[in-house]
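A closer look at the structure
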Amino acid sequence: MYTFKKEERLCNKRLIDELFHNGSSFLCYPFKASWLLVDDATQTTAAQVLISVSKRRYKHAVDRNLIKRRLREAYRLQKQQHLYDLLTNTNKKIVLSLGYIGKQIEPFDLFEKKMLKLLKQLSEQVAK
């Protein structure tokens, strides 16, 4: 289950608007996570994710793409055991936004460590 398919990406504008207007959020530096429980019957996966990096902070597309690539990879490797298992057991579905708010480009091992912390924190909040 170490894949990141098209169905797992959040593209629906209605869901994105609802996420940012009605969702909960928390900081886990260098990430900001916003999430919302949904009852959408059309959603096939347990979680849909939107990944973003500020254009204001990182002017060059090369830098933004590098950060997004690292963020996606860290999420892809850890989503199953720390998030999907909980969501499938409790029969819940969420939409999630991961934004990078760090001031510099960090190495991948830090991304992995922080993503693990973020997913544990998210699973605690969803379980409530």
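The structure we're discussing is the one just above.
Residues numbered from 1 in each chain as written. Predicted model: local features only at pLDDT ≥ 70, side-chain atom pairs only at ≥ 80, totals over all residues. Heavy atoms only, no water.

Some remarks on the layout of surface pockets
For clarity, the threshold we go by: Whether a set of points on the 1 Å grid over the protein atoms alone is a cavity depends on a 1.4 Å probe fitting there but being unable to get out, while an open set qualifies as a pocket with protein on both sides within 12 Å along at least five of seven lines; lining residues are those with an atom within 4 Å of a point. Grid points are joined across faces, edges and corners, and a volume is the space filled by probe spheres set on the points. Runs of E in the DSSP output that reach at least two residues are strands. Runs of H or I that reach at least four are helices, and both are numbered from the N terminus.
Volume-wise, the largest pocket comes out at about 190 Å³. The dominant element in the lining of the largest pocket, judged by the number of residues it contributes, is strand β4 (residues 93-100), at 3 residues.

Digging into the nonpolar core
As a reminder, the rule being used: Think of a nonpolar core as a cluster: buried Ala, Val, Leu, Ile, Met, Phe, Trp, Tyr and Cys residues, connected wherever their side-chain atoms sit within 4.5 Å. Exposure is judged per residue with a 1.4 Å probe applied to protein chains only, and the accessible area is read against the type maximum: over 50% gives exposed, under 20% gives buried, and values in between give partly exposed. By definition in these notes, contact holds between two residues if any of their heavy atoms fall within 4.5 Å.
Membership of the largest hydrophobic core comes to 29 residues, with the highest contact counts inside it found for Tyr 75, Leu 83, Leu 98, Met 115, Leu 118 and Leu 122. Going through the elements one at a time, β1 (24-28), β2 (31-38), β3 (47-53), α2 (61-90), β4 and α3 (108-127) are the ones with two or more residues in this core. By residue number, the principal contributor to this core is α2, which donates 7 residues. Dropping the residues within four chain positions of it, Leu 122 is found in contact with Phe 26, Trp 35, Leu 83, Ile 94 and Leu 96.

A closer look at α3
Residues spaced three or four apart along an α-helix face the same direction, because each turn holds 3.6 residues. Operational definition: An expected span of 1.5 Å times one less than the residue number is assigned to each helix. Regarding the arc, it is the one traced by the directions from the helix axis to the C-beta atoms.
If you check α3, its first and last C-alpha atoms are 28 Å apart, about what 20 residues at 1.5 Å a residue would give, namely 28 Å. Within α3 the residues assigned to the buried category are Phe 111, Met 115, Leu 118, Leu 119, Leu 122, Ser 123 and Val 126. Angular distribution of buried residues about the axis of α3 spans 135°; they occupy a single face of the element. In α3, the exposed positions that point more than 90 degrees away from the buried face belong to Asp 109, Lys 113 and Glu 124. On its buried face, α3 sits against β1, β2, α2 and β4.

Quick word on the pattern of salt bridges
Rules: Just to be clear on terms, a salt bridge is a Lys or Arg side-chain nitrogen sitting within 4 Å of an Asp or Glu carboxyl oxygen.
Summed over the entire model, instances satisfying the criterion amount to 3 salt bridges. Lys 79 is the partner of Glu 8 in a salt bridge, and the nearest nitrogen-oxygen pair spans 2.3 Å. Placement of Glu 8 in the segment before α1 (13-22) and of Lys 79 in helix α2 is noted, with a sequence separation of 71 residues between them. Using a relative accessible area of 0% as the deciding quantity, one classes Lys 79 as buried. Notably, a salt bridge pairs Arg 14 with Glu 18, separated by 3.5 Å at the nearest N-O pair. Separated by 4 residues within a single helix, Arg 14 and Glu 18 lie in helix α1, roughly one turn from each other.

The analysis is restricted to geometry; functional conclusions fall outside its scope.
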